[in-house]
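# Close look at the chain arrangement
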Amino acid sequence: TRWMAVTSTCGSTAAFATQLFPCYSTGPRRWMSERSDKKVDQLDSKTDAANNNNNNEDEDDDGNLKPRVTTTTFGNGICHVRLNRPEKLNACDMAMFEAIAETAASLRRDKSIRAVILSGNGKAFCTGLDVKSVVRNPKSQIERLLKRPSGYSSCGDDGDANLAQDVSLLWRELPVPVVAVLKGMCFGAGMQIALGADFRFASPDCQLSIMEGKWGLIPDMGASVLLKELVRIDVAKELTMTGRIVTGTEAATLGLVTRVCKEDPMKEAEDFVKEFLLTRSPDAIACAKELYQSTWSNGSDKECLELETKLQRKLLLSWNQLAASGRSAFGVNVPYWK
């Protein structure tokens with residue numbers, strides 16, 4: 001009967017598969033490992049064959065795996081990042097996890113980028129974890145998702161997050177603003193990926209949920225870091241414990257969404273970036289992002305004030321600070337250096 005609960009959109013990461021296969025637990029179920037390992041090995045071979053028929057949608061006409069993430073960068077420095085599994089409502093399989101992390105790490109090093117707009121191709125942003133895909137080879141895939149560090153963080157071997165968490169948290173390492181455009185459904189893993197962005201623009205009827213509770217789990221892709229910057233603790237508990245679905249409109253009142261867009265959230269996101277963010281100094285934006293992410297929910301008053309001064313010293317009398325002043329004071333469109 002357990003298997004009847006499995007769908008392709010059930011929350012986040014390998015924790016769900018761990019529920020199904022107790023041999024991966026580090027708790028009191030470890031005694032079951034030998035018998036469970038045999039069952040999992042049998043499952044690997046069976047599910048490999050069963051899922052072969054489902055792989056066609058993920059392959060092109062030549063049998064090659066379609067890119068899970070696409071990027072398009074325009075001359076003004078705006079990079080569109082799109083989750084690219086529309087046939088599966090952008091549910092996350094292992095290839096998607098790796099592609100998201102690799103994309104974020106690559107953009108972190110790209111000096112030409114001024115802003116990122118993150119969205120999903122098709123009808124949904126992301127409907128969560130594709131469990132059917134992940135349990136094809138549960139041993140290796142669960143280990144890859146939970147191994148710490150993932151190898152993608154700027155901290156290298158000193159990184160705190162695993163791959164499941166880095167697909168959400170790596171967006172915070174980019175020195176540019178990241179705007180997530182939400183439509184259709186944004187569940188489980190998708191919800192936590194969106195929380196990693198600096199801003200979230202959503203359609204009024206977008207459906208959002210921290211859905212892991214419906215499967216007897218907790219969110220494990222960085223929600224404990226991200227939610228505390230956005231909502232009260234009682235709101236976080238209620239959404240997590242119930243797993244209920246909220247609309248984009250309600251999400252905005254709760255603090256999960258930055259802006260509700262009645263017309264087209266993508267257009268509003270693009271206009272917001274072009275009209276406001278691109279006209280500001282990229283150095284000031286990067287420092288503002290660093291300042292608040294480093295101090296908003298952590299750090300003493302002393303640490304906060306010291307970081308303010310450190311970052312301000314870095315900005316004062318720099319080319320971009322003088323360019324911003326020239327633009328504001330004299331209306332001279334002095335170019336920024338990136």
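Notes on the structure in this doc start here. (Residues numbered from 1 in each chain as written. Predicted model: local features only at pLDDT ≥ 70, side-chain atom pairs only at ≥ 80, totals over all residues. Heavy atoms only, no water.)

If you tally the helices and strands in the protein, you get 14 helices and 9 strands. Counting over 338 residues, the protein shows a buried share of 48%. Of the roughly 16,800 Å² of accessible surface on the protein, a fraction of 53% belongs to carbon and sulfur atoms. (Helix = DSSP H or I, 4+ residues; strand = E, 2+ residues; numbered from the N terminus. Buried < 20%, exposed > 50% of the residue type's maximum accessible area, 1.4 Å probe, protein only. Areas by Shrake-Rupley, 256 points an atom, 1.4 Å probe, with all protein chains shown as cover.)

In this section: the sheet that holds strand β8 (residues 246-247). Taken in spatial order, the 3 strands line up as β5-β7-β8 in an open sheet, and their pairing is mixed. The sheet terminates laterally at β5 (185-187) and β8, the two strands that pair on one side only. Here β5 runs beside strand β7 (residues 207-209); their pairing, made up of 3 bridges, is parallel. Within the sheet, the bridge partner assigned to M185 lies in β7 and is Q207. (Pairing = 2+ DSSP bridges.)

Scanning the entire structure with this criterion turns up 5 aromatic pairs. A centroid spacing of 5.2 Å and a plane angle of 75° characterise the contact between F199 and F272, whose relative ring orientation is edge-to-face. Taken together, the residues F199 in strand β6 (residues 199-202) and F272 in helix α11 (residues 265-277) connect sequence positions 73 residues apart. A relative accessible area of 23% places F199 in the partly exposed class. (Phe/Tyr/Trp six-rings, centres within 6.5 Å; stacked < 30°, edge-to-face > 60°.)

Turning to the sheet that holds strand β9 (residues 259-260), a few remarks are in order. Taken in spatial order, the 6 strands of this open sheet run β1-β2-β3-β4-β6-β9, and their pairing is mixed. Bordering the open sheet on either side are β1 (69-73) and β9, each of which pairs with just one other strand. Strand direction decides the pairing type here: β6 and β9, joined by 2 bridges, are parallel. Each bridged residue has a counterpart across the sheet, and for F201 the counterpart in β9 is R259.

Regular strands show a simple pattern: their side chains alternate between the two faces of the sheet. Burial within strand β3 (residues 115-120) is extensive, with 6 of its 6 residues counted as buried. By the alternation rule, side chains of β3 split into A115, I117 and S119 and V116, L118 and G120, which are all buried. One ladder, built from 6 bridges, connects strand β2 (residues 78-83) with β3; its direction is parallel. Looking at the pairing, L83 lines up with G120 of β3. By the bridge criterion, 3 bridges tie β3 to strand β4 (residues 178-182) in an arrangement that is parallel. When the sheet's bridge partners are listed, V116 is paired in β4 with V178.

Here the amide bond leading from R148 into P149 is cis, since omega sits at 0°, within 30 degrees of zero. Looking at where P149 falls in the secondary structure, it is placed in the loop between α5 (138-146) and α6 (163-169). Its identity is not glycine, yet L89 carries a phi of approximately 55°, on the positive side. Note on placement: L89 falls in the loop between β2 and α3 (94-108). You can call L89 partly exposed: its relative accessible area is 27%. The phi dihedral of N90 falls on the positive side, at around 60°, and the residue is not glycine. Tracing the sequence through the fold places N90 in the loop between β2 and α3.

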